[in-house]
Amino acid sequence: MFDRQTLLRAIRCVTAGVLIGLLACYVATYVTLRNRSVRELKEMNSDGLLYDSVERVFQTHDMSVHHFRHVMFWPANYVDRKLFNGPDPVTCFLFDLS
C-alpha cells in the first residue's frame, strides 16, 4: 500500500511534530513559571526567579521543588538570561533570622 520512502517520511513528520510539541510545552511552562515568579517577587521588592510559589516556600521552608525545576529549566533560563536579559534563579532564602 505505502512504499518504504512514504512510510519513513511519515514517521519523520510525526516524530518532528511530537518533538516540536514537547519543546513548545517546555517553553510555555518555563514562561508561565517565570512570569509568576517575577510578579510575586516584584511585590516583595526582590529580584530573581523562584520556580515555586513564594507563599509555599515561606510556609514550608522547603525549596526542593525550586531546586528540581532549576535543574530542569536551566537551558531555558540560560537562553532567557543571555538573549532577553531575564532574571537569575534565587539561590537561597534565609528563614527565621532574629
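Below is a summary of the structure that appears in this document.

## What to know about the pattern of salt bridges
Working definition: two side chains of opposite charge can pair if their charged atoms are close together.
Inference 1: The tally for this structure, following the rule as stated, stands at four salt bridges.
Inference 2: The salt bridge partner of glutamate 40 is arginine 36, with a shortest N-O separation of 3.9 Å. On the criterion of helical spacing, the pair formed by glutamate 40 and arginine 36 is a turn pair, its members being four residues apart in helix α1 (residues 4-43).
Inference 3: Two residues, aspartate 88 and arginine 81, come together in a salt bridge whose shortest N-O distance is 3.5 Å.
Inference 4: Residue classification places arginine 81 among the partly exposed positions, given a relative accessible area of 24%.

## Here we look at the environment of histidine 61
Inference 1: Of note, histidine 61 is situated in the loop between α2 (54-60) and α3 (64-72).
Inference 2: With 33 residues separating them along the chain, histidine 61 and leucine 94 place their C-alpha atoms 9.3 Å apart.
Inference 3: In terms of polar contacts, histidine 61 uses its side chain to reach the backbone carbonyl oxygen of phenylalanine 58, at 3.2 Å.

Here is what the cut-offs are and how they apply
Residues numbered from 1 in each chain as written. Predicted model: local features only at pLDDT ≥ 70, side-chain atom pairs only at ≥ 80, totals over all residues. Heavy atoms only, no water. Salt bridge = Lys/Arg side-chain N within 4 Å of Asp/Glu carboxyl O. Helix = DSSP H or I, 4+ residues; strand = E, 2+ residues; numbered from the N terminus. Buried < 20%, exposed > 50% of the residue type's maximum accessible area, 1.4 Å probe, protein only. Polar contact = N/O pair within 3.5 Å; in protein donor to acceptor, adjacent residues only side chain to side chain.

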